[in-house]
Amino acid sequence: MSAPHRFVILSNVYDENYQKARGEEIPPCLSSPKRRDLFTAIQLALGWELVILSSPPRASVRRHGRWLPLVDTRFDRFPQHFCANWDLPKLRIPFSWVMYALHVARHVRKGDVLMMDNFELIYVLAAWLCRLLYGCSILLDYEDGKHLTDRGWPRLISGPAEELGRALIQGAILAHPCLGERLPARIPKVTIPGFYKPGAKINRPEHPLPKVHFIYAGSLDEPRGMNLLIQALPYLPKEGWRLDITGSGPFADTWQSMAQDCRFSGKLFFHGVISAEDHARLLGRCHVGLNLQLGSDPISTVTFPSKIFSYLSAGLEVISTEASGVKDLLGEDCIYLSEENPRALAAIMADRARFLRPQTAPTAVGNFSIPSTAVRLKAFFQEVWLKRP
């Protein structure tokens, strides 16, 4: 196959490089670690130049309008270009559709391969423009299908975006196997739920700490099992455990209040959103990571809890539900809840001896290292080029 000019990613992912350039508070981008690893694996698989084209995210606090200029920065080591936009309340989104499409059209060249970040209308419109102008091949990074569960007015946008986008794509990278059922059967697909990087492990003290340290990191909402975890706390022993909570979402204030409750003094700690370095240090002090995504919630059919790979990479045991096909992909690398109820969760968490003894190395996650993923991606791309019209 002849190499195209570049691999261009249409995504609003960002890291601390853009946060510093922005100069104001913006929402955290929780998908940054996985996207960094995915982009690295893609570059290993292809050996091509990789460029990211983005639209600026909204401000967290500011409510008055502001002109956001063009910003050229980097996401990890990859060049990233943010378009300009009027960040006006209620008008920011429609303005971004136009500004971003023009931005992408200026940067893309004939022969480039584009990859959209989900079926978002902003990317679909820009991709269609590039298909018409340059005949670009379009791939899909189906990372998070939670927009498929939208209700009300957001569905008026996400529904047509999916329909318009399906006609464009020639191959798809899936975070969850079930996402492929919504795509044309003829196109090549590869499942990449996350990345196992054992080099990220931080050595713990030689002698186990007297308490079992648990951690939950990620979205703090009902579908990820926050009510389940909160209701399990009264059933835990009075001593012998510590729980650290990081992330953001609707339950952030609840966890903040509970961490200040005298009943949980010295046992429950809420950190909010923390840097990658602080997150790594925190993982290095913990024994067990929690993934409590609920199988009863529709989101579990369209997204995969990649936090599990972060836990396993840091050498933690993992307590998980079976939602999102976790057991099918990771086998016995996790400890699974028999039932999604507070007493069942507390019973597992209370087994101190299980978590303080030396742990065996996980096995199934070896298929999801960056090098092994790059091998699978290479085969995927070759299939895409063979099937390309």
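A short tour of the structure in this document, coming up. (Residues numbered from 1 in each chain as written. Predicted model: local features only at pLDDT ≥ 70, side-chain atom pairs only at ≥ 80, totals over all residues. Heavy atoms only, no water.)

With a phi close to 55°, Asp 76 is a non-glycine residue in the positive phi region. One can find Asp 76 in the loop between strand 4 (71-75) and strand 5 (78-82). (Helix = DSSP H or I, 4+ residues; strand = E, 2+ residues; numbered from the N terminus.)

A few words now on the state of the cysteines. For the structure on display, the rule yields zero disulfides. With no disulfide partner, Cys 136 has as its closest neighbouring cysteine sulfur the one in Cys 130, 5.2 Å distant. (Disulfide = S-S within 2.5 Å.)

Take the nonpolar core next. Phe 214, Leu 229, Leu 243, Trp 255, Ile 319 and Leu 330 are the most contacted members of the largest nonpolar core, which has 54 residues in total. Setting aside residues no more than four positions away along its own chain, Leu 243 makes contact with Phe 214, Ile 215, Tyr 216, Leu 229, Leu 233, Trp 255, Lys 267, Leu 268, Phe 269 and Leu 290. By size, the runner-up hydrophobic cluster in this structure holds 34 residues, among which are Val 13, Leu 50, Ile 192 and Trp 385. (Core = buried A, V, L, I, M, F, W, Y, C linked by side-chain atoms within 4.5 Å. Buried < 20%, exposed > 50% of the residue type's maximum accessible area, 1.4 Å probe, protein only. Contact = heavy atoms within 4.5 Å.)

Taken together, eight strands build an open sheet; the order of strands is 4-5-2-1-7-8-9-10 and the sheet is mixed. Of all strands in the sheet, those with a lone pairing partner are strand 4 and strand 10 (189-191), marking the two edges. In this sheet, adjacent strand axes meet at a mean angle of 25° when their direction is disregarded. Sitting on the sheet, helix 3 (residues 92-107) touches strand 1 (6-10), strand 2 (49-54) and strand 5, and the angle it makes with strand 2 is about 160°. Running at roughly 165° to strand 7 (residues 113-117), helix 4 (residues 121-134) makes contact with strand 1, strand 7 and strand 8 (137-142) of the sheet. (Pairing = 2+ DSSP bridges. Axes fitted to C-alpha atoms, helices over the stretch in contact; angles between N-to-C directions.)

For the rest of this paragraph, the subject is the side chain of Ser 313. Secondary-structure assignment places Ser 313 in helix 9 (residues 307-313). Since its relative accessible area comes to 5%, Ser 313 is described here as buried. A polar atom in the side chain of Ser 313 sits 2.7 Å from the backbone oxygen of Phe 309. (Polar contact = N/O pair within 3.5 Å; in protein donor to acceptor, adjacent residues only side chain to side chain.)

Right, let's talk about helix 13 (residues 370-387) for a bit. Helical geometry: 3.6 residues make up each α-helical turn, so side chains three or four residues apart lie on a common side. Compared with an ideal rise of 1.5 Å per residue, which puts 18 residues at 26 Å, helix 13 spans 25 Å between its outermost C-alpha atoms and is within 8% of the ideal. Of the positions making up helix 13, those classed as buried are Ile 370, Thr 373, Ala 374, Leu 377, Phe 380, Phe 381, Val 384 and Trp 385. In a view along the axis of helix 13, the buried residues occupy a sector of 135°, so they form one face of it. In helix 13, those exposed residues whose orientation departs by more than 90 degrees from the buried face are Pro 371, Val 375 and Leu 386. On its buried face, helix 13 is in contact with strand 1, helix 2 (32-46), strand 7, strand 8, strand 9 (172-174) and strand 10. (Expected span 1.5 Å × (residues − 1). Arc of directions from axis to C-beta.)

With that settled, the discussion passes to the environment of Val 288. Take Val 288: it is sitting in strand 14 (residues 288-291). Relative accessible area serves as the criterion here: at 0%, Val 288 is assigned to the buried category. Along the backbone, Val 288 and Asn 367 are 79 residues apart, and their C-alpha atoms lie at a distance of 22 Å. Here Val 288 is in contact with Val 212, His 213, Phe 214, Ile 215, Leu 316, Glu 317, Ile 319 and Phe 355, once residues within four sequence places are set aside.

Another aspect to go through is the environment of Ser 31. Counting through the fold element by element, Ser 31 comes out in the loop between helix 1 (16-22) and helix 2. As a C-alpha pair, Ser 31 and Gly 218 span 187 residues in sequence and 9.6 Å in three-dimensional space.

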